[in-house]
Amino acid sequence: TIAYTLSLHDALPIFPSHDSEARTYTSLLFSMYNNLEGKGGLDFFKEHTKIIKYIKALEKAQTRKTILSSLFVLTGLEQYKENMMEDIKQVNNFYKEQKHNPERQAKLKTYEEVVAIHNALKAKYKAKPINDNAVDLLVSYLFSGALEKSLPPRRLMDYATMKIKNYTDKDNYIKGNKMYFNNYKTKDAYGTQTVDIPKELVLLINKWKKVNDSDYLLVSEDDKPFTVSGLGKKVSR
């Protein structure tokens, strides 16, 4: 099948290194291939006139840009690059013109409110140290910024794939009082990144490792690693 054939992140060295990004690109190309009733496998994507017409009809410039960039990497055709650059300009202009939504801004938590929520989660875990409460508190430590020495912000995927057991040097993992990031979007440019973990979070992680049967730091209610969307919903809650 075309989905199997397009092992892009293995075949093309300049393709995104993260598995989730490669899946996104592959999914978009596979969907387009089906919608256009594609034939001939990879050679189909060289039919740029037909494909560009299809892409231009898509509503979102961000989606067009993503598909065009994957097509340019896949085929090397300048026609895809030219159209991609047009959409990049449109996307950049859109972000430049964005203004704060007053209603949304009014709903944002103050730092003091965030700290209060974090402390409430600490008290809840202390009173009832069950798995769900432990995960809620871990998520707060990782994403809320409530601590004076908080962890620097990371993408959801970086923590969704974080391991505490049975890891290799290709994984994101925790060892001692440090986090090691080997699997993230810009790994090819920056290599392994190491981050010190605040002492109180180290203590929580050490307690959690004794009762958590999973290899992963964060697990959902069914004791499986979070998906990116699932972790995003957990952070929002």
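It should be noted that the structure appears before, not after, this text.
Definitions and limits used
- Residues numbered from 1 in each chain as written.
- Predicted model: local features only at pLDDT ≥ 70, side-chain atom pairs only at ≥ 80, totals over all residues.
- Heavy atoms only, no water.
- Helix = DSSP H or I, 4+ residues; strand = E, 2+ residues; numbered from the N terminus.
- Buried < 20%, exposed > 50% of the residue type's maximum accessible area, 1.4 Å probe, protein only.
- Phe/Tyr/Trp six-rings, centres within 6.5 Å; stacked < 30°, edge-to-face > 60°.
- Expected span 1.5 Å × (residues − 1).
- Arc of directions from axis to C-beta.
- Contact = heavy atoms within 4.5 Å.

Some words on unusual backbone geometry
Here is step 1 of the chain: Backbone geometry at Glu-37 places phi at a positive 50°, although glycine is not the residue there.
Here is step 2 of the chain: Checked against the element boundaries, Glu-37 lands in the loop between α3 (19-35) and α4 (48-56).
Here is step 3 of the chain: In this structure Glu-37 comes out as exposed when scored by relative accessible area, which is 66%.
Here is step 4 of the chain: The backbone of Asp-223 sits at a positive phi, close to 65°, despite the residue not being glycine.
Here is step 5 of the chain: Among the structural elements, Asp-223 can be located in the loop between α12 (199-211) and α13 (228-236).

Thoughts on the packing of aromatic side chains
Here is step 1 of the chain: Counted according to the given criterion, the structure contains 7 aromatic pairs.
Here is step 2 of the chain: Measuring from centroid to centroid gives 5.9 Å for Tyr-33 and Phe-45, while their planes differ by 35°, and the two rings are tilted. Taken together, the positions of Tyr-33 in helix α3 and Phe-45 in the loop between α3 and α4 put the pair 12 residues apart, joining distant regions of the chain. Each member of the pair, Tyr-33 as well as Phe-45, carries the same accessibility label: buried.
Here is step 3 of the chain: With 5.4 Å between their ring centres and 75° between their planes, Phe-44 and Phe-45 make a pair best called edge-to-face.
Here is step 4 of the chain: Each residue in the set Tyr-33, Phe-44 and Phe-45 is aromatic and connected to the rest through ring pairs, giving one cluster.

Some words on helix α6 (residues 78-97)
Here is step 1 of the chain: Under the 1.5 Å per step criterion, the end-to-end length of α6 is 29 Å for 20 residues, consistent within 8% with the ideal 28 Å.
Here is step 2 of the chain: Among all positions in α6, only Tyr-80, Asn-83, Met-84, Asp-87 and Val-91 are buried. Looking straight down α6, one finds its buried side chains confined to an arc of 105°; they lie on one side. Of the exposed residues in α6, the ones pointing more than 90 degrees away from its buried face are Glu-86, Lys-89, Lys-96 and Glu-97.
Here is step 3 of the chain: Packing partners of the buried residues in α6 comprise α4 and α5 (61-75).

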